[in-house]
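# Structural features, examined
Listed below, chain by chain, are the residues.
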Amino acid sequence: MARGRADVNSRKKLVTAVLVLVIVGGFFYFYSQNSDSSSVVYGDKSLSHFGLGGDKDDGESSSTVVGGEGSVVPKSIPVCDDRLSELIPCLDRNLIYQTRLKLDLSLMEHYERHCPTPDRRYNCLIPPPPGYKVPIKWPKSRDQVWKANIPHTHLATEKSDQNWMVVKGETIVFPGGGTHFHYGAGKYIASIANMLNFPNNDINNGGRVRSVLDVGCGVASFGGYLISSNVIAMSLAPNDVHQNQIQFALERGIPAYLGVLGTQRLPYPSRSFELAHCSRCRIDWLQRDGILLLELDRLLRPGGYFAYSSPEAYAQDEEDRRIWREMSTLVERMCWKIASKKDQTVIWVKPLTNSCYLKRLPGTKPPLCRSDDDPDAVWGVKMKVCISRYSDQMHKAKGSDLAPWPARLTTPPPRLAEIHYSTEMFEKDMEVWKQRVRNYWSKLASKIKPDTIRNVMDMKANLGSFAAALKDKDVWVMNVVPENEQKTLKIIYDRGLIGTVHNWCEAFSTYPRTYDLLHAWTVFSDIIKKECSPEDLLIEMDRILRPKGFIIVHDKRSVVEYIKKYLPALHWEAVTIYDVDDDDTVIIIQKKMWLTSQSIKVSE
């Protein structure tokens, strides 16, 4: 009997031990699955063993193994924690806090770009928020977006009296209002045109006003309503306490960029805009001897306008009157004149030539910039307290000498000579890209409808001919010129297009899921030469691209073959691959729709 009880006890202990092992094993299995699929991980801790992210042990950069036999391609790439669904790596305030960067908040340095070091990069795929849907299509998207895609309704309450946005069921609706245009952006834009005596109150003034910079743009309704007048705006706002303004703008299909007037020059060349606009944008224009106004001055074309709607222009309390007096004195020394002043808005106009600058008394401030200052050098360049004078060509022409829109899109601009391009080279470039774009679109035909694509990025834009070839499509293009390339962005702006300078070894200044199509012509070959990581760029492109969006890679065959290996891990699929010539290949890729809930779910 005793031995029988002992056997029973031993069996009980054995069963208990097995159960414990099963439970512990199950726990570890669940934990490992969970941590693989939805984890907050830095580059050196997640993908380095795949050859992604951080530096190699032997000192070689990851780019040296592209296409090599020794490279290891992962079957899957970890997915970031859901809390990172809106991550902007170089504008991440958590990173600033964690690294204890010593920044001057009064100068807005905390809203400028501060990129993570390789060991702090999140080398994981950014997940969409819960309930994410394919965005509403343009032009309907101008006026409404899915609430699930940008689940932030704070502005609907904070700006409820100004008609910025209204929550209606599953959508967020944009009535077109703003801080200084409660009755709609359309009427406000017409009033500016009326103040300037433009025919028919049309802001484009017969095609002479094409490019606009909207500073402190809010949700970009001003820029959105300019589109119907054939005017394109670069809507600019920081990643600040007004939640997700630029994300809303891009979700709506309106051109926009995350940036701030802080200490660095904005990433646009000189003489890019016919009109700058600030409606109650809460900028201290008098700070640091007017350095921010001087930055606007650098960006405005000869005869360009600055429309300013703010209490200083009309309010009668002593502080606002003091600011107005000092601002008026400053712009007068800058040779600006009042073109019109009415109600809450004043519009200044810049001179057409250098003559006013040269007539100022010696020692007048702000001074002219030194003759060796390049007004088109912008990447990592500090703003300067000086006036950028016009080139001899602009001074003699008494203006930019540009054709009205839309003729300016295809007319060789005068500044071509500054980059040593001839008219023949310009025209040949246009023809080459017309043919390439025809080929791209013929290959995409089975996958897209007329409204499938709205937000497009050309990652290496050169003269902007890719964008020009899309002129009959209902799209807009962010033309990106790499910072180490020739300064062709001024030609792009002279053609009536928009864009920015960027370094593709770093993350782009935009929210996740903001572009429908990325065009990468020799971009990968370029960053390999710079010894940057092509794998990091693939992950960054995935961050930028909307689900169901497209990527066109036009590069060497070896580069395309290498990218093909990563398609499964990125949840991308090849639409088509074709050779252009002996060592020039195009691959068109579509990003699948996938969601996470502790694990990846791919839905077609």
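Residues numbered from 1 in each chain as written. Predicted model: local features only at pLDDT ≥ 70, side-chain atom pairs only at ≥ 80, totals over all residues. Heavy atoms only, no water.

### Describing the pairing of strand E15 (residues 545-555)
Definition in use: Between buried and exposed lies partly exposed: a residue is buried under 20% and exposed over 50% of the maximum accessible area for its type, with that area taken using a 1.4 Å probe on protein chains only. Strands are runs of DSSP state E lasting at least two residues, helices are runs of H or I lasting at least four, and both sets are numbered from the N terminus onward. For two strands to be treated as a pair, DSSP must find no fewer than two bridges joining them.
Most of E15 sits inside the fold, with 10 of its 11 residues counted as buried. Bridging between E15 and strand E17 (residues 584-591) involves 6 bridges; their strand directions are antiparallel. Its bridge partner lying in E17, His 554 is registered against Val 586.

### What about the sheet that holds strand E7 (residues 273-279)?
Strands belonging to one sheet form pairs held by backbone hydrogen bonds; the direction of such a pair is parallel or antiparallel. What counts is decided by this rule: Helix axes are fitted to C-alpha atoms over the stretch in contact, other axes to C-alpha atoms as well, and angles between N-to-C directions run from 0 to 180 degrees.
Pairing in this open sheet of 7 strands is mixed, and the strands run E6-E5-E4-E7-E8-E10-E9 from one edge to the other. Since the sheet does not close on itself, it has two edges, and those belong to strand E6 (256-258) and strand E9 (337-342), each with one partner. The sheet shows a mean angle of 20° between the axes of neighbouring strands, taken without regard to direction. Here strand E4 (residues 211-215) runs beside strand E5 (residues 232-237); their pairing, made up of 5 bridges, is parallel. Looking across to E5, one finds that Ser 211 is bridged to Ile 232.

### Regarding the state of the cysteines
We apply this condition: Disulfides are defined as pairs of cysteine sulfur atoms found within 2.5 Å of each other.
Enumeration according to the criterion identifies 6 disulfides in this entry. Here Cys 335 pairs with Cys 356 through a disulfide, and the sulfurs are 2.1 Å apart. Across the S-S bond of Cys 335 and Cys 356 the torsion is about -85°, and the bridge reads as left-handed. With a gap of 21 residues between them, Cys 335 in the loop between helix H9 (318-333) and E9 and Cys 356 in helix H10 (residues 355-359) connect regions that are remote in the sequence. What links to what in the protein chain: the bonded cysteines, counted in sequence order, pair as 1-4, 2-3, 5-6, 7-8, 9-10, 11-12.

### Considerations on the environment of Glu 170
Note the cut-off: A contact between two residues is defined here by any heavy atoms of the two lying within 4.5 Å. In protein, a polar contact means a hydrogen-donor-capable atom and an acceptor-capable atom, both N or O and within 3.5 Å, with residues adjacent in sequence counting only if both atoms are side-chain atoms; elsewhere, any N or O pair within 3.5 Å suffices.
Relative to the elements of secondary structure, Glu 170 occurs in the loop between strand E2 (166-168) and strand E3 (171-173). Taking relative accessible area as the criterion, Glu 170 reaches 52% and is therefore assigned exposed. As for Glu 170 and Asn 149, which are separated by 21 residues in sequence, their C-alpha atoms are 10.0 Å apart. In contact with Glu 170, not counting residues within four places along its chain, are Lys 133, Val 145, Trp 146, Lys 147 and Ala 148. For Glu 170, the side chain forms a polar contact with the side chain of Lys 133, separated by 2.8 Å.

### Here we look at the sheet that holds strand E14 (residues 515-521)
Taken in spatial order, the 7 strands make up an open sheet running E13-E12-E11-E14-E15-E17-E16, and their pairing is mixed. Edge strands, defined here as strands with exactly one partner in the open sheet, are strand E13 (498-502) and strand E16 (572-581). For this sheet, the mean inter-axis angle between neighbouring strands, taken without regard to orientation, is 15°. In this sheet, E15 lies alongside E14 in parallel orientation, the contact comprising 6 bridges. Of the residues in E15, the one forming a bridge with His 519 is Ile 552. With respect to the sheet, helix H16 (residues 534-544) is in contact with strand E11 (455-458), E14, E15, E16 and E17, its orientation differing from that of E15 by roughly 140°.

### Some thoughts on H9
Which entries qualify depends on this criterion: Expected helix span is computed as 1.5 Å times (number of residues minus one). The directions considered for the arc are those from the helix axis to the C-beta atoms.
With 16 residues, H9 should reach 22 Å at 1.5 Å per residue; the first-to-last C-alpha distance of 23 Å fits that figure. Where H9 is concerned, the buried positions are Asp 320, Ile 323, Trp 324, Met 327, Leu 330 and Val 331. An end-on view of H9 places all buried positions within 135° of arc, on one side of the element. Set apart from the buried face of H9 by more than 90 degrees, the exposed residues are Glu 318 and Glu 332. Where H9 ends, the next residue or the one after it, Cys 335, has phi of about 75°, a positive value.

### Structural notes on unusual backbone geometry
Trp 138 connects to Pro 139 through a cis peptide bond whose omega is 5°. Note that the residue after Lys 365, namely Pro 366, is joined by a cis bond; omega there is 0°. Here Met 108, not a glycine, exhibits a phi torsion of approximately 65°, which is positive. Looking at where Met 108 falls in the secondary structure, it is placed in the loop between helix H3 (93-99) and strand E1 (144-146). By relative accessible area, which is 32% here, Met 108 ends up partly exposed.

### Side note on the nonpolar core
Using the following cut-off: Within this scheme, the nonpolar core is defined by two criteria: the residues are buried Ala, Val, Leu, Ile, Met, Phe, Trp, Tyr or Cys, and they are joined through side-chain atoms within 4.5 Å. How far each domain reaches was decided by an automatic or database domain assignment.
The biggest cluster of nonpolar side chains holds 120 residues, and the ones touching the most others in it are Leu 213, Tyr 268, Trp 285, Leu 293, Phe 306 and Trp 504. Residue contributions to this core peak at 8 residues, all from helix H17 (residues 557-570). Taken domain by domain, the makeup of this core includes at least three residues from each of domain 2 (183-403) and domain 3 (409-602). Not counting residues within four places of it along the chain, the set of residues in contact with Leu 213 comprises Met 234, Leu 236, Leu 266, Tyr 268, Phe 273, Leu 275, Ala 276, His 277, Leu 296 and Leu 299. By size, the runner-up hydrophobic cluster in this structure holds 21 residues, among which are Phe 181, Val 231, Ala 233 and Ala 307.

### Let's talk about the side chain of Glu 312
Stated formally: The sign given to each residue is positive for Lys and Arg and negative for Asp and Glu; His and the chain ends receive no count. What counts as a salt bridge is simple: a side-chain nitrogen of Lys or Arg found within 4 Å of a carboxyl oxygen of Asp or Glu.
With respect to the element layout, Glu 312 can be found in the loop between strand E8 (300-309) and H9. Despite being buried, Glu 312 has no salt bridge partner; Arg 280 is the closest side chain of opposite charge, sitting 6.5 Å away. Among the polar contacts made by the side chain of Glu 312, one reaches the side chain of Tyr 308 at a distance of 2.6 Å. What Glu 312 contacts, discounting residues up to four positions off in sequence, is Asp 320, Ile 323 and Trp 324.

### As for the packing of aromatic side chains
Counted only if it meets this: Two aromatic rings from Phe, Tyr or Trp, using only the six-membered ring of Trp, form a pair when their centres are within 6.5 Å; if the ring planes differ by under 30 degrees the pair is stacked, by over 60 it is edge-to-face, and anything between is tilted. For a ring to carry a charge above it, either NZ of a lysine or CZ of an arginine must fall within 6 Å of the ring centroid while also lying within 35 degrees of the normal to the ring plane.
Inspection of every chain in the model, using the stated rule, returns 22 aromatic pairs. Both rings, one in Trp 336 and one in Trp 348, keep their centres 6.4 Å apart while their planes meet at 45°; by these two values the pair is tilted. A residue pair is termed long-range when its members are at least 10 positions apart, and Trp 336 in the loop between H9 and E9 and Trp 348 in strand E10 (residues 345-349) qualify at 12 residues. An aromatic cluster of three or more residues is present, and its members are Tyr 257, Tyr 268, Phe 273, Tyr 493, Trp 504 and Phe 508. The lysine or arginine in question, Lys 133, covers the ring of Trp 146, its NZ or CZ lying 4.0 Å from the ring centre. One cation-aromatic arrangement involves Lys 460 over Trp 521; the distance from NZ or CZ to the ring centre is 4.9 Å.

It is worth stressing that arrangement in space is one thing and function is another; only the former is reported here.
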